[in-house]
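Structural features, examined
Chain residues, written in single-letter form:
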Amino acid sequence: MPLAALREILAAAGMEAAGLPDIAGADPVVRTRYRVGTAGAAALAALGLAAARFGELRGLPRQRVEVDVRAAAASLHSARYLRIDGRPPPPQWDPLSGFYPVRDGWISIHCNFPNHRDAALKVLQAEPNRQEAEKKTTTWHGEALEDAIHAAAGCAGFVRSTADWQRHAQAQAVAARPLIEIVRIADAPREKVATGARPLEGIRVLDLTRVLAGPTCARSLAEHGADVLKISAAHLPDSGPMDVDTGIGKLSARLDLRSAEDRSTLERLVVESDVFSQSYRPETLAARGFSPGTLAALRPGIVCVSLSAWDTTGPWHARRGFDSIVQSVSGMAALSANDGRPQYLPVSAIDYVSGYLMAFGATVALERRAREGGSWLVRVALARVGKWIADRGLLPQNVIEDLSPDLPERELEALMGEMATPAGTIRFLRPVVQLSHTPPYWSRPPVPLGTHAAVWP
């Protein structure tokens, strides 16, 4: 199963492999009917294979790539295992986020960003009180409330069955798209790869992403030696403790792209970069002067990585979306229901697998730049990745009933590492994919957002 999933990823990227990685284990790992371990292991194996191949361009030996399915499943909620000076971080989920009853079922409302929470409450004409908000949602039909919250610049997803979602125009648009898109967008000379001790050593990555999938992409590149500079802005909501887990291996600076001066600073950074990764809604950065075409003109040979929620076509292509919302609208939450109430998966499989695929696509594009030249665009969409996970097939209910949502503590202990950080000593899940000659690791501790100047070291 994992090797078949890996072959699908490689085929989607147009990548041929002389030999496939070793993938040990099988689903089920955690209590879900979806084959999340298979999906995570295949995506990580693809990334490991691409990193090893790129390393060969800089004189590293051919490497053996190994992934364990159980460890891969654990990586799909690595933030849950984070400890700071022995204590878990504060809860990451806003009390107002989650499922609400509506006249014809349930709706998932995203409130983890204050602006999204305020938009939903404004539509409901409710105070920030869960009980009051639930009373208001029961007067709405689900699709009408979904549309109203999005029209107010919030984010919500009416809980649909798989069959209902498959009939939806957006689902049909998503199904017609590739799992991952890697396209040449401009001409540029080939770039010779310097010798190095790690596959991505010296590769500079600008990380303009938030929440989970996008930051996971840049963190995954950092574990193979890339220099990553995360760019955030003080006026935008952050992800709190999750930024500690996804910030491992990165520098962090603040820029406000509403400012001409800060836009100029970002342009200077782009000129000296190799990868530009972003997860804003379509056309948001283009309006600030940072479309893929403009980036390729600024820095011929750039690899642009773009994450969206709903892909580039369909009636929802410009809507906000998150892993939890994709689960809700696509049938995943309905299939996972408990006592009639929809449930999210016990792992953030869509987010993490999307992040691994973004990093894989970026690495493939870097190899193509070295061999063929050109500037490149890599596209990944949460909804398309969610479909790919669902397409792995479902496990029988009886085989998951006795499973825990987590790996046993003794098994987890062998996967954890420790690092000193400005916030204290952290305990974190180490990189899961293994390379025989250059084992992945992070060389920088996570730091508070905006710690560093917006310059390359």
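Residues numbered from 1 in each chain as written. Predicted model: local features only at pLDDT ≥ 70, side-chain atom pairs only at ≥ 80, totals over all residues. Heavy atoms only, no water.

1. With respect to the side chain of Ser75
With respect to the helices and strands, Ser75 occurs in helix H3 (residues 69-75). On the basis of relative accessible area, Ser75 is assigned to the buried category, the value being 3%. (Helix = DSSP H or I, 4+ residues; strand = E, 2+ residues; numbered from the N terminus. Buried < 20%, exposed > 50% of the residue type's maximum accessible area, 1.4 Å probe, protein only.)

2. Topic: the nonpolar core
The biggest cluster of nonpolar side chains holds 105 residues, and the ones touching the most others in it are Ile9, Val303, Trp310, Val353, Phe360, Trp388 and Ile389. The contacts of Ile389, once residues within four sequence positions are left out, are Tyr34, Ala39, Met332, Ala349, Ile350 and Val353. Judged by nonpolar contacts, the second largest core, of 21 residues, contains Ile231, Leu251, Cys304 and Trp456. (Core = buried A, V, L, I, M, F, W, Y, C linked by side-chain atoms within 4.5 Å. Contact = heavy atoms within 4.5 Å.)

3. Focus: the sheet that holds strand S7 (residues 181-186)
Spatially, seven strands are ordered S7-S13-S12-S11-S8-S9-S10 in an open sheet, and the strand pairing comes out mixed. The open sheet has two edge strands with one neighbour each: S7 and strand S10 (250-254). Averaged over all pairs of adjacent strands, the angle between their axes in this sheet comes to 20°, without regard to strand direction. The sheet contacts of helix H16 (residues 382-390) involve strand S12 (303-308) and strand S13 (375-381), and relative to S13 the element is tilted by about 60°. (Pairing = 2+ DSSP bridges. Axes fitted to C-alpha atoms, helices over the stretch in contact; angles between N-to-C directions.)

4. A look at the pattern of salt bridges
According to the stated counting rule, one finds 30 salt bridges in the structure shown. Salt-bridge contacts for Arg53 lead to Glu367; the nearest nitrogen and oxygen are separated by 3.0 Å. Residue Arg53 is located in helix H2 (residues 36-57), and its partner Glu367 is located in helix H15 (residues 349-372); the two are separated by 314 residues in the primary sequence. Residue Arg53 is classed as partly exposed on the basis of its relative accessible area of 24%. The class for Glu367 is buried, based on a relative accessible area of 4%. Ionic contacts of the salt-bridge type, sharing partners, join the residues Arg177, Glu181, Asp311 and Arg379 into one network. (Salt bridge = Lys/Arg side-chain N within 4 Å of Asp/Glu carboxyl O.)

5. What about the packing of aromatic side chains?
Evaluation of the coordinates by the stated rule reveals nine aromatic pairs. Taking the centre distance of 5.7 Å and the plane angle of 65° together, the rings of Trp93 and Tyr344 count as edge-to-face. Within this pair, whereas Trp93 is found in the loop between strand S3 (83-84) and strand S4 (98-102), its partner Tyr344 is found in the loop between helix H14 (332-335) and H15, the two being separated by 251 residues in sequence. A relative accessible area of 40% means that Trp93 is categorised as partly exposed. Among the residues examined, Tyr344 registers a relative accessible area of 23% and is labelled partly exposed. Look at Tyr352 and Tyr356: their rings are 6.5 Å apart centre to centre, the planes differ by 40°, and that puts the pair in the tilted class. Here Tyr352 and its partner Tyr356 are both found in helix H15, four residues apart, which amounts to about one turn of the helix. For Tyr352, a relative accessible area of 1% corresponds to the buried category. Judged by relative accessible area, Tyr356 falls into the buried class, the value being 4%. Cluster of aromatic residues (ring-pair linked, three or more members): Trp93, Phe99 and Tyr344. When the ring centre of Tyr100 is taken as reference, the NZ or CZ atom of Arg130 above it lies at 4.0 Å. (Phe/Tyr/Trp six-rings, centres within 6.5 Å; stacked < 30°, edge-to-face > 60°. Lys NZ or Arg CZ within 6 Å of the ring centre and 35° of its normal.)

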